[in-house]
Amino acid sequence: MLRSNKLLVVAAAAAALIIGASFLGLFDREGALPSFEAQACSLPPEYLERTQRGYFGPRSGQIALLPEQPAYLASGGGGWSHSGPWAYLQDVPLVFYGPGQIEPVGEVGRAVTTADIAPTITRLLRGSIRTEDGQALDEVARFTGNFLRRPAPKLILTMVWDGGGWNTLQQWPEAWPNLARIMDEGVSYSAATVGSNPSVTPAVHSTLGTGVFPDTHGITSVPVRDEEGAVVDAFLNGESSRFLQVPTIAERWDEQTGNDALIGMVGYEPWHLGMIGKGAEREGGDKDDAVWLDVETNEWITNPDHYRLPPSVEETDGLAEDLHELDAADGEINRSWRGHDILDTPDRVEETPAFIQYHARAMMNMIEQDGYGDDEITDLLFTNFKQIDRVGHYFNMASEEVRDSLEETDRQLGEILSFLDREVGEGRWAVVVTADHGQQPDAAAINGYGIDPLEVEADIRSEFGPVVQAVWPTEVFLDEEAMETEGVTVEEIARFLADYRLADNTQRPDMLLSGTGRFDSQDRIFAMAIPAAMLPTLTCN
């Protein structure tokens, strides 16, 4: 049973309840089912727009799904997911900072999205590009005589705090003093949003890198449909970035400089490759630096056919010492962190604050030893600090473990800024700090309900046969060959889900349930369940 979806049975014998079900309303399914258009158009316009931006027909699931708030699709493996168009997941920090490069404007309240990051980086390169979704932010860089006379940064470093959206920051307001400082001393967009749904790592990082939303760049979620309709990883576990439909700003800059600019990415997984692009897989491209983690061994790895693994990163040491320091922080050496016996478990070590320290050191070694910022051609480096998100999936955003991870990520931000002054030179660098999404509060904290996606999947199979490939937080992937065999349409499955009730989402719908927040047993728990192919042309009056 999912931690976020604990249903407490408070009934007597099931037989007695079944007899009394008609009086209790357990099987009363009254209420006209809204049309697909009515469901979509009943959403706040920004929710629908974000969902439309996140849909790319060849890759997305065939059904677009949005729970009725405050319900949410829980993680099928236990824990909390974070995909949706709602403000608590969409609102993210966006800060541009670089003394001598970026004027200290402070807070800017106008609405912007992650699609504006790539055009703004281009402006800092003294170039100009406006994509169909993003545009350069004038508060950061405006074409004036002063700006054009100033040398461009030698290095632009973009840092993503994975899962570090505003609801996470506000949960722990004292945990990020360095981020707060550069918000004041740089340019901070307090109304920045992700801008598209699903709000997940591969999609948002690709928006950051390209300046367009998933409906154009093609990386829609963690899973996508491949050319044969199979559900696969968006970056094929690092084997290929071929689903990325447009070049990134880094690729364009690399091409413009004859591949002389250094382009790099230090991440947790291949999902971050959308920030830099395809490397040598792209015609005319070269093997840019790109490293991610083998989470089973904690070794830095890459795809050597398309990217380069810098020895400076591979040879970074000190993780054992970082782990020992974390172990000793509570005054006792017991190979645990906050009671979790994971410091001797290779595939769990990367979830700890110690790994944040190690990650930052590896990246700084890469900058120093591989020459980032050494000449007048601006180099572009991108990194993702994953632990805030990773720990949040295990322990929830309100946990002390997330606070520890946020504090250490912020501490390393301060270390990195001081390092850039020493290594690249004062006034010769710029940084961008943002997040790819917020995090999901626990159902009990919001009077909500964590929908079990595995039960939804089982119920679709029970009703229609083996037609479902996967249920994800905002979409359903279907097997079109199986649907043809079973004589089932996307519309029929979507209508089934539109009428799906809370009582359906348990193996014992005959039982009275509690622990479901504001929802009653016969409440529909999806605000929208429509054929996703409708999204591109759907308009509401």
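Residues numbered from 1 in each chain as written. Predicted model: local features only at pLDDT ≥ 70, side-chain atom pairs only at ≥ 80, totals over all residues. Heavy atoms only, no water.

Engineer: Honestly, the packing of helix α14 (residues 319-328) against helix α15 (residues 353-370) in this entry has me stumped. Any pointers?
Structural biologist: Think of two packed helices as two axes; the pair is described by the angle between the axes and how far apart they sit. Orientation of α14 relative to α15, taken along the N-to-C sense of each, is 145°, at an axis distance of 8 Å. The handedness of the crossing between α14 and α15 comes out as right-handed. Together, Leu319, Asp322, Leu323, Glu325 and Leu326 of α14 and Pro353, Ala354, Phe355, Gln357, Tyr358 and Arg361 of α15 make up the contact between the two elements. (Axes fitted to C-alpha atoms, helices over the stretch in contact; angles between N-to-C directions. Helix = DSSP H or I, 4+ residues; strand = E, 2+ residues; numbered from the N terminus. Left-handed = near helix turned anticlockwise from the far one by under 90°. Contact = heavy atoms within 4.5 Å.)

Engineer: What is the right way to look at empty space enclosed by the protein in this model?
Structural biologist: One simple way to see leftover space: roll a probe sized like a water molecule over the atoms. Considering all chains together, one arrives at six cavities of 30 Å³ or more under this definition. Estimated volume of the largest cavity: approximately 90 Å³. Around the largest cavity sit 13 residues that line it, and Ala64, Pro198, Thr474, Glu475 and Leu535 are the ones nearest its centre. Of the residues in the lining of the largest cavity, the class split is six nonpolar, six polar and one charged. (1 Å grid on protein atoms, 1.4 Å probe; cavity = no way out; pocket = protein on both sides within 12 Å on 5 of 7 lines; lining within 4 Å. Points joined across faces, edges and corners; volume = space filled by probe spheres on them. Nonpolar A, V, L, I, M, F, W, Y, C, P; charged D, E, K, R; others polar.)

Engineer: Looking at this model, I keep getting lost on the side chain of glutamine 440. Mind explaining?
Structural biologist: Tracing the backbone shows glutamine 440 in the loop between β15 (429-434) and β16 (449-451). Among the polar contacts made by the side chain of glutamine 440, one reaches the side chain of tyrosine 88 at a distance of 2.6 Å. (Polar contact = N/O pair within 3.5 Å; in protein donor to acceptor, adjacent residues only side chain to side chain.)

Engineer: Whenever I open this one, the sheet that holds strand β2 (residues 63-67) confuses me. Can you help?
Structural biologist: The strand order across the open sheet formed by four strands is β17-β18-β2-β20, and the pairing between neighbours is antiparallel. Strand pairing shows two members of the sheet lacking a second neighbour, β17 (468-472) and β20 (526-531), which therefore form its edges. Going across the sheet, the axis of each strand differs from the next one's by a mean of 15°, ignoring polarity. Both β2 and β20 contribute to a ladder of five bridges, which runs antiparallel. The residue bridging proline 67 from the neighbouring strand is phenylalanine 526, located in β20. (Pairing = 2+ DSSP bridges.)

Engineer: Please clarify how the layout of surface pockets should be interpreted in this entry.
Structural biologist: The calculated volume of the largest pocket comes to roughly 750 Å³. Considering the residues around the largest pocket, the lining is formed by 30 residues, among which Ser75, Val222, Trp271, His393 and Trp472 are closest to the centre. When residues of the lining of the largest pocket are traced back to their parent elements, those giving at least two are α16 (387-395), α18 (453-464) and β17. Per-element accounting of the lining of the largest pocket gives the leading share, four residues, to α16. Tallied by class, the residues present in the lining of the largest pocket amount to 13 nonpolar, 10 polar and seven charged. Volume-wise, the second largest pocket comes out at about 290 Å³.

Engineer: Which parts of the structure should I look at to understand helix α6 (residues 117-124)?
Structural biologist: The buried count for α6 comes to eight of eight residues, which makes it a mostly enclosed element. Taken residue by residue, α6 has Ile117, Ala118, Pro119, Thr120, Ile121, Thr122, Arg123 and Leu124 as its buried positions. (Buried < 20%, exposed > 50% of the residue type's maximum accessible area, 1.4 Å probe, protein only.)

Engineer: I'm lost on the state of the cysteines in this one. Help?
Structural biologist: Simply put, disulfide is the name for a covalent bond between the sulfur atoms of two cysteines. Counting across every chain of the model gives one disulfide. A disulfide bridge connects cysteine 41 with cysteine 540, and the sulfur atoms are separated by 1.9 Å. One quick way to see it: the torsion about the S-S bond of cysteine 41 and cysteine 540 is about -80°, and its sign makes the bridge left-handed. Here the residue cysteine 41 occupies a position in helix α3 (residues 36-41), and cysteine 540 occupies one in the segment after β20, the gap between them amounting to 499 residues. Given the relative accessible area of 34%, cysteine 540 is considered partly exposed. (Disulfide = S-S within 2.5 Å.)

Engineer: Would you take a moment to explain unusual backbone geometry for this structure?
Structural biologist: In terms of backbone geometry, most residues other than glycine have negative phi values and most peptide bonds are trans. Going from glutamine 69 to proline 70, the amide bond is cis rather than trans, its omega being 5°. Counting through the fold element by element, proline 70 comes out in the loop between β2 and β3 (71-73). Between asparagine 197 and proline 198 the backbone carries a cis peptide bond, its omega angle lying at 15°. Of note, proline 198 is situated in the loop between β7 (187-193) and α10 (201-210). A positive phi angle, close to 60°, is found at asparagine 447, a residue other than glycine. Along the chain, asparagine 447 turns up in the loop between β15 and β16.

Engineer: Looking at this model, I keep getting lost on the packing of helix α9 (residues 177-185) against helix α17 (residues 400-423). Mind explaining?
Structural biologist: Axis separation between α9 and α17 bottoms out at 7 Å; the angle between their running directions is 55°. Taken together, α9 and α17 sit at an angle that is classed as oblique. Where α9 abuts α17, its residues Pro177, Asn178, Leu179, Arg181 and Ile182 lie against Asp410, Arg411, Leu413, Gly414 and Leu417. Classifying every residue of the contact of α9 with α17 by side-chain character gives five nonpolar, two polar and three charged. (Parallel < 35°, antiparallel > 145°, perpendicular 65-115°, else oblique.)

Engineer: Would you take a moment to explain the pairing of strand β6 (residues 155-161) for this structure?
Structural biologist: A regular strand carries its side chains on alternate faces of the sheet. Across the seven residues of β6, seven count as buried, placing the element largely inside the fold. Side chains Leu155, Leu157, Met159 and Trp161 of β6 all project onto a buried face; the interleaved residues Ile156, Thr158 and Val160 project onto the opposite face, where all are buried too. In terms of strand pairing, β6 meets strand β14 (residues 379-385) through seven bridges, oriented parallel. Of the residues in β14, the one forming a bridge with leucine 157 is leucine 381.

Engineer: Could you clarify how one ought to interpret α16 in this entry?
Structural biologist: Every α-helix winds through 3.6 residues per turn, so residues three or four apart in the chain are directed the same way. Buried within α16 we find Gln387, Ile388, Asp389, Val391 and Gly392. Phi turns positive one or two residues past the end of α16, at asparagine 396, with a value near 80°.

Engineer: Please explain the nonpolar core as it appears in this structure.
Structural biologist: Across soluble globular proteins, you tend to see nonpolar side chains buried next to one another. By size, the foremost hydrophobic cluster in this structure holds 54 residues, and its most contacted members are Trp161, Trp176, Leu179, Trp300, Ile416 and Leu420. The biggest single contributor to this core is α15, with 10 residues. Setting aside chain neighbours within four positions, we find isoleucine 416 in contact with Leu157, Met159, Ala360, Met363, Met364 and Phe385. Grouped together as the second largest cluster of nonpolar side chains are 50 residues, Leu124, Ile156, Val204 and Val232 included. (Core = buried A, V, L, I, M, F, W, Y, C linked by side-chain atoms within 4.5 Å.)

Engineer: So what exactly am I meant to see when it comes to the pattern of salt bridges here?
Structural biologist: Two side chains of opposite charge can pair, provided their charged atoms sit close to one another. On inspection of all chains with the given rule, the structure shows 28 salt bridges. Here arginine 53 and glutamate 49 are joined by a salt bridge, their closest N and O atoms 3.3 Å apart. Remark: glutamate 49 and arginine 53 occur in helix α4 (residues 45-53); sequence separation between them is four residues, near one turn of the helix. Classification of glutamate 49 as partly exposed rests on a relative accessible area of 38%. The shortest N-O distance in the salt bridge between arginine 411 and glutamate 408 comes to 2.9 Å. Here arginine 411 and its partner glutamate 408 are both found in helix α17, three residues apart, which amounts to about one turn of the helix. When its relative accessible area of 35% is taken as the criterion, arginine 411 is described as partly exposed. Here the salt bridges do not stand alone but share partners, grouping Asp162, Glu269, Lys386 and Asp389 into one network. (Salt bridge = Lys/Arg side-chain N within 4 Å of Asp/Glu carboxyl O.)

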